[in-house]
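Here is what each chain is made of, one letter per residue.
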Amino acid sequence: MRLQIQSSAASRNRPVNLIPRDAPKHPRKYDPLFWIILIFIFAFIGYELKPFLEKGVDGNLQLSKWRQQKLERELNELDEAEQYVLLALVSGEYPCYSCANTATIDLVKGHVWKYGYTTKSEKGRYQNSLKDQNLIYMIQHEGTITECMKEEKRKIYFYALLPENLTRAVPLIRPPGNKQDN
Amino acid sequence: MKQEGNIKMTCVVDEAVGLKLPVTELAEHLNRHIKLNHYGDGIDELFFVFIAVPDKNTIHENHVILSEAEKNLEIALRLDYQKILSADTATCRRMMQDLFLKGIQMCQDTNLAQFNWEAFQKDLAQIF
């Protein structure tokens with residue numbers, strides 16, 4: 001179930017999505033949810049049966065208009081990407097995936113925990129990216145997905161040279177929150 | 001490192017705003033005075049995200065997501081970026097408090113979960 005309300009309370013009047021994540025466990029036979037699901041199934045079938053090819057003015061086959069629009073929308077979403085860093089919000093112990101012999105590491109407020117990138121289509125629930133609490137999400141670069149992937153990779157590799165890393169007795173090869181180089 | 005308490009907060013910012021928002025202080029203040037289980041059993045954890053990014057950024061949108069199974073509520077709302085840019089810490093905190101109250105008001109308006117939003121709001125008004 002996805003309920004959308006127009007929020008006059010929210011800043012800049014952006015739509016606010018209210019998304020209960022869990023369906024009721026035992027819907028009754030004639031539960032309204034049953035009919036909603038049925039309607040969605042028929043809508044989905046209708047959507048899939050829509051013609052995906054059509055004849056162009058020159059008589060040749062081409063993608064139908066709705067497929068072209070979907071492609072453009074998805075390509076645009078890949079152009080809207082950002083490279084971010086997750087920073088320690090407070091000084092203390094954080095999980096460490098790149099430490100040789102320990103599972104945690106002491107970070108000072110503002111120290112890097114992880115670099116990453118995301119696209120508009122991937123964005124959703126912050127609990128997924130910030131599940132290790134006491135981290136803040138700071139945008140460092142905005143651009144296409146390729147630019148952001150490159151930027152993330154540069155940041156991960158050059159992390160080894162950051163002063164906060166070089167002052168450690170045993171410097172890390174990559175940030176504590178990055179399990180791999182990508 | 002896990003945050004103490006059932007009200008957890010973070011922020012999504014760009015480098016111009018940086019670590020300016022007093023997120024930890026506000027979360028600690030709320031957790032000192034508020035216990036979510038006093039208002040019902042519909043929500044065990046409230047995760048609030050302050051978004052302070054330029055208007056052209058469309059990746060970070062406002063949302064309210066409730067997981068009924070986990071009894072976990074995530075509210076993410078945008079602050080006025082231009083005001084945050086030039087605001088001092090005290091002003092930032094006031095803006096964050098106002099935004100938090102707006103989020104709670106939205107939950108009350110939609111009667112979200114088994115939770116006494118009205119009583120929660122009254123208690124918040126007293127400690128802000």
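Residues numbered from 1 in each chain as written. Chains lettered and ligands numbered in written order. Predicted model: local features only at pLDDT ≥ 70, side-chain atom pairs only at ≥ 80, totals over all residues.

### Details of the overall build of chain B
Here's step 1: Looking only at helices and strands, chain B features four helices and four strands.
Here's step 2: Taken from N to C terminus, the helices and strands of chain B fall in the order β-α-β-β-β-α-α-α.
Here's step 3: Its C-alpha atoms give chain B principal-axis dimensions of roughly 40 × 30 × 30 Å.
Here's step 4: Counting across all 128 residues of chain B, residues that qualify as buried make up 40%.
Here's step 5: Pairs at least 24 apart in sequence give 70% of the contacts found in chain B among residues at least 6 apart. (Helix = DSSP H or I, 4+ residues; strand = E, 2+ residues; numbered from the N terminus. Buried ≥ 20, exposed ≤ 12 C-beta atoms within 10 Å, placed from the backbone. Contact = placed C-beta atoms within 7 Å.)

### Structural notes on the overall build of chain A
Here's step 1: From N to C terminus, chain A includes five helices and nine strands.
Here's step 2: Traced from its N-terminal end to its C-terminal end, chain A shows the element sequence β-β-α-β-β-α-β-β-β-β-α-β-α-α.
Here's step 3: Out of the 182 residues in chain A, the part that is buried amounts to 23%.

### Quick look at the nonpolar core
Here's step 1: In this structure, Phe 50 and Ala 52 of chain B are the most contacted members of the largest nonpolar core, which totals 65 residues.
Here's step 2: In this structure Ala 52 of chain B touches Cys 11, Val 13, Val 17, Leu 21, Leu 79, Tyr 81 and Ile 84 of chain B, once residues within four positions along its chain are discounted. (Core = buried A, V, L, I, M, F, W, Y, C linked by C-beta atoms within 7 Å.)

### Structural notes on helix α4 (residues 145–158) of chain A
Residues and elements named next belong to chain A.
Here's step 1: Look at α4: 20 Å from first C-alpha to last across 14 residues, which is about the 20 Å you get at 1.5 Å a residue.
Here's step 2: Within α4, burial applies to Ile 145, Cys 148, Glu 151, Glu 152, Lys 155 and Ile 156. One side of α4 carries all its buried residues, which in axial view fall inside an arc of 135 degrees. Exposed side chains of α4 directed beyond 90 degrees from the buried face belong to Thr 146 and Phe 158. (Expected span 1.5 Å × (residues − 1). Arc of directions from axis to C-beta.)

### Digging into the pairing of strand β2 (residues 45–52) of chain B
Residue and element names in this part refer to chain B.
Here's step 1: Most of β2 sits out of view: seven of its eight residues are buried.
Here's step 2: As paired strands, strand β1 (residues 7–14) and β2 are joined by seven bridges and run parallel to one another. By the bridge assignment, Cys 11 is partnered in β2 with Phe 50.
Here's step 3: Where β2 lies against strand β4 (residues 72–78), seven bridges are found, and the strand directions are parallel. By the bridge assignment for β4, Val 49 is matched with Ala 76. (Pairing = 2+ DSSP bridges.)

### What about the confidence of the model for chain B?
In regions of low pLDDT, the predicted coordinates are not meant to be interpreted in detail.
Here's step 1: Taken residue by residue, chain B gives an average pLDDT of 94. The fraction at 70 or more is 99%.
Here's step 2: Reported confidence for the predicted complex is 0.93 by ipTM and 0.80 by pTM. (pLDDT = per-residue confidence, 0-100.)

### Here we look at the pairing of strand β5 (residues 81–88) of chain A
Residue and element names in this part refer to chain A.
Here's step 1: For β5, the buried fraction is high: eight of the eight residues fall into the buried class.
Here's step 2: Bridging between β5 and strand β8 (residues 112–119) involves seven bridges; their strand directions are antiparallel. Considered in β8, the bridge of Leu 87 is made with Val 112.
Here's step 3: Pairing between β5 and strand β9 (residues 135–143): eight bridges, direction antiparallel. Bridge pairing in β9 places Ala 81 opposite Gly 143.

### Thoughts on the packing of helix α3 (residues 89–109) of chain B against helix α4 (residues 117–127) of chain B
Residue and element names in this part refer to chain B.
Here's step 1: Two numbers describe how α3 lies on α4: the axes approach to 9 Å, and their chain directions differ by 165 degrees. Here α3 lies roughly antiparallel to α4, going by the angle between them. Here α3 runs over α4; the crossing is left-handed. Packed against α3, whose contacting residues are Leu 101, Ile 104, Cys 107 and Gln 108, the element α4 presents Trp 117, Glu 118, Phe 120, Gln 121 and Leu 124 at the interface.
Here's step 2: Its residues assigned to classes, the contact of α3 with α4 comprises six nonpolar, two polar and one charged. (Axes fitted to C-alpha atoms, helices over the stretch in contact; angles between N-to-C directions. Parallel < 35°, antiparallel > 145°, perpendicular 65-115°, else oblique. Left-handed = near helix turned anticlockwise from the far one by under 90°. Nonpolar A, V, L, I, M, F, W, Y, C, P; charged D, E, K, R; others polar.)

### Here's the deal with the environment of Tyr 97 of chain A
Here's step 1: Positionally, Tyr 97 of chain A belongs in the loop between β6 (92–95) and β7 (104–107).
Here's step 2: Apart from residues no more than four positions distant in its own chain, Tyr 97 of chain A is found in contact with Pro 176, Gly 177, Asn 178 and Lys 179 of chain A.

### A word on unusual backbone geometry
Here's step 1: Phi is positive for Asn 134 of chain A, close to 65 degrees, though the residue is something other than glycine.
Here's step 2: Along the chain, the position of Asn 134 of chain A falls in the loop between α3 (126–129) and β9.
Here's step 3: Backbone geometry places Ala 113 of chain B, a non-glycine residue, at a positive phi of 60 degrees.
Here's step 4: Here Ala 113 of chain B lies in the loop between α3 and α4.

### Comments concerning α3 of chain B
Residue and element names in this part refer to chain B.
Here's step 1: Relative to the 30 Å expected for 21 residues at 1.5 Å per residue, α3 spans 30 Å between its end C-alpha atoms, a close match to the ideal helical length.
Here's step 2: Turning to α3, its buried residues number three or more, namely Cys 92, Met 96, Leu 99, Phe 100, Gly 103, Ile 104, Met 106 and Cys 107. Taken down its axis, α3 places every buried residue within 150 degrees of arc, on the same side. Exposed side of α3, more than 90 degrees from the buried face: Ala 90, Thr 91 and Arg 94 are the residues found there.
Here's step 3: Within two residues after α3, Asn 111 carries a phi angle of roughly 55 degrees, on the positive side.

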